[in-house]
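# A structural walkthrough
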Amino acid sequence: MLLAINPEWQTRAREEVQEICQGQMPDADMIQKKKVLTMVIYESLRLYPPAPLISRESFEDLKFGNINNPKGLNVWTMFLTLHYDQDIWGPDAHDFKPERFANGISGSCKHPHVSLPFGASACICLGQHFAMSELKILLSLLLSNFSFSLSPKYRDSLVLTVTFRPEHGVNLTMRKL
Ligand code: HEM
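Residues numbered from 1 in each chain as written. Predicted model: local features only at pLDDT ≥ 70, side-chain atom pairs only at ≥ 80, totals over all residues.

To keep things clear, this is the line we draw: UniProt positions are given in the numbering used here, feature names are shortened, and annotations may be inferred rather than shown by experiment.
Going by an unreviewed UniProt entry, the chain carries the name Cytochrome P450 714A1 and comes from Ziziphus jujuba. In its Cofactor (unreviewed entry) section, the UniProt record describing the chain reads: "heme". Per its UniProt entry, the chain bears the Subcellular location (unreviewed entry) comment "Membrane".

Here is the structure:
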């Protein structure tokens, strides 16, 4: 959806796929080289993190500033709000700008540890590298075979429960290249 409404990024990502894959099925080496696609995926996961919150239980009494956090309490961190914080990402925090990730996650914002699409610490997503590979393969195949734009049927409605997802799916108009 973000590539459909940002055709310049769709073109950049497609050119990179064509240059690296040369019409072949993407392999592990090719996936590693896809810098533009990585930036696009990180920025999409910043704006629309599929799992927008994580929880942790305190094993002992803790105090954060003037907030008491007794043993056994579950603390829920809504990183969706962190991903849109203008103090962290700048005044364009609401915009799709994959170039923020040109120098990886560490160079993307003021406090890179708040870029949390896969969570953090000991419970960080076990499948994150697998998920990134899957996304790069899927997007490479889509980009090399189709151009896409937003369908007139698209209805913007996001549902936030344990996951963050489009209520009515994502209707796109696909054209075979
Ligand atoms: C874009 C895709 C994905 C996203 C955004 C995502 C995100 C997350 C997040 C936010 C957590 C919680 C981390 C935390 O509590 O700090 C998590 C945990 C986990 N994810 Fe994913 N995930 C994705 C794909 C996958 C895939 C493909 C697999 C398996 C093949 C996977 C396996 C797991 C497992 C096993 C955990 C629990 C880790 C633990 O508690 O030790 N995830 N994921």
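### Things to note about the nonpolar core
Here is the rule we go by: Remark: nonpolar core denotes a set of buried Ala, Val, Leu, Ile, Met, Phe, Trp, Tyr and Cys residues whose joining runs through C-beta atoms within 7 Å. Working definition of burial: number of other C-beta atoms within 10 Å of the residue's own, with buried at 20 or more, exposed at 12 or fewer, and partly exposed in between, all C-beta atoms being placed from the backbone. In DSSP terms, a helix is any run of H or I states spanning at least four residues, a strand is any run of E spanning at least two, and both are numbered starting from the N terminus. Two residues qualify as a contact pair if the distance between their C-beta atoms, derived from the backbone, is within 7 Å.
Counting 13 residues, the largest nonpolar core has Ala 13, Val 36, Leu 37 and Val 40 as its most contacted members. Sorting the residues of this core by element identifies helix H2 (7-21), helix H4 (35-47) and helix H7 (128-145) as the ones contributing at least two each. No other element matches the six residues that H4 contributes to this core. With sequence-adjacent residues up to four places away left out, Val 36 is seen in contact with Arg 12, Ala 13 and Glu 16.

### Some thoughts on the packing of H2 against H7
Definition in use: Axis definition: a line fitted to C-alpha atoms, limited for helices to the stretch in contact. Angles are taken between N-to-C directions and run from 0 to 180 degrees. Here roughly perpendicular refers to angles of 65 to 115 degrees, roughly parallel to angles under 35, roughly antiparallel to angles over 145, and oblique to all remaining angles. Residue classes follow a fixed rule: Ala, Val, Leu, Ile, Met, Phe, Trp, Tyr, Cys and Pro count as nonpolar, while Asp, Glu, Lys and Arg count as charged, and any other residue, Gly among them, counts as polar.
Their axes nearest at 9 Å, the elements H2 and H7 cross at an angle of 100°. Overall, the two elements H2 and H7 adopt an arrangement that is roughly perpendicular. Side by side, H2 and H7 meet where Ala 13, Arg 14, Val 17, Gln 18 and Cys 21 of the first sit next to Ser 140, Leu 143 and Ser 144 of the second. When the residues that make up the contact of H2 with H7 are grouped by side-chain class, the tally is four nonpolar, three polar and one charged.

### Some details on the packing of H2 against H4
Where H2 meets H4, the closest approach of the two axes is 8 Å, and the angle between their N-to-C directions is 140°. Taken together, the axes of H2 and H4 are oblique relative to one another. The residues of H4 that touch H2, namely those facing Trp 9, Arg 12, Ala 13 and Glu 16, are Val 36, Leu 37 and Val 40. Partitioning the contact of H2 with H4 into residue classes produces five nonpolar, no polar and two charged.

### Here's the deal with the confidence of the model for the chain
Threshold: Scored from 0 to 100, pLDDT reflects the predictor's confidence in each residue.
Across the chain, the average pLDDT comes to 93, with 100% of residues at 70 or higher. Among the prediction metrics, the complex's ipTM stands at 0.97, with pTM recorded as 0.94.

### What about the UniProt feature "binding site: heme" (unreviewed entry) in the chain?
Per the UniProt record, "binding site: heme" (unreviewed entry) is found at Cys 125. On the secondary structure map, Cys 125 appears in the loop between helix H6 (86-89) and H7.

### Side note on the environment of Lys 33
Within the secondary structure, Lys 33 is located in helix H3 (residues 28-33). For the pair formed by Lys 33 and Val 17, sequence separation is 16 residues and the distance between their alpha carbons is 9.5 Å.

### Quick look at the environment of Met 78
Structurally, Met 78 can be placed in strand E4 (residues 74-78). Taking C-alpha positions, Met 78 is 14 Å from Leu 45, a pair spaced 33 residues apart along the chain. Dropping the residues within four chain positions of it, Met 78 is found in contact with Pro 52 and Leu 53.

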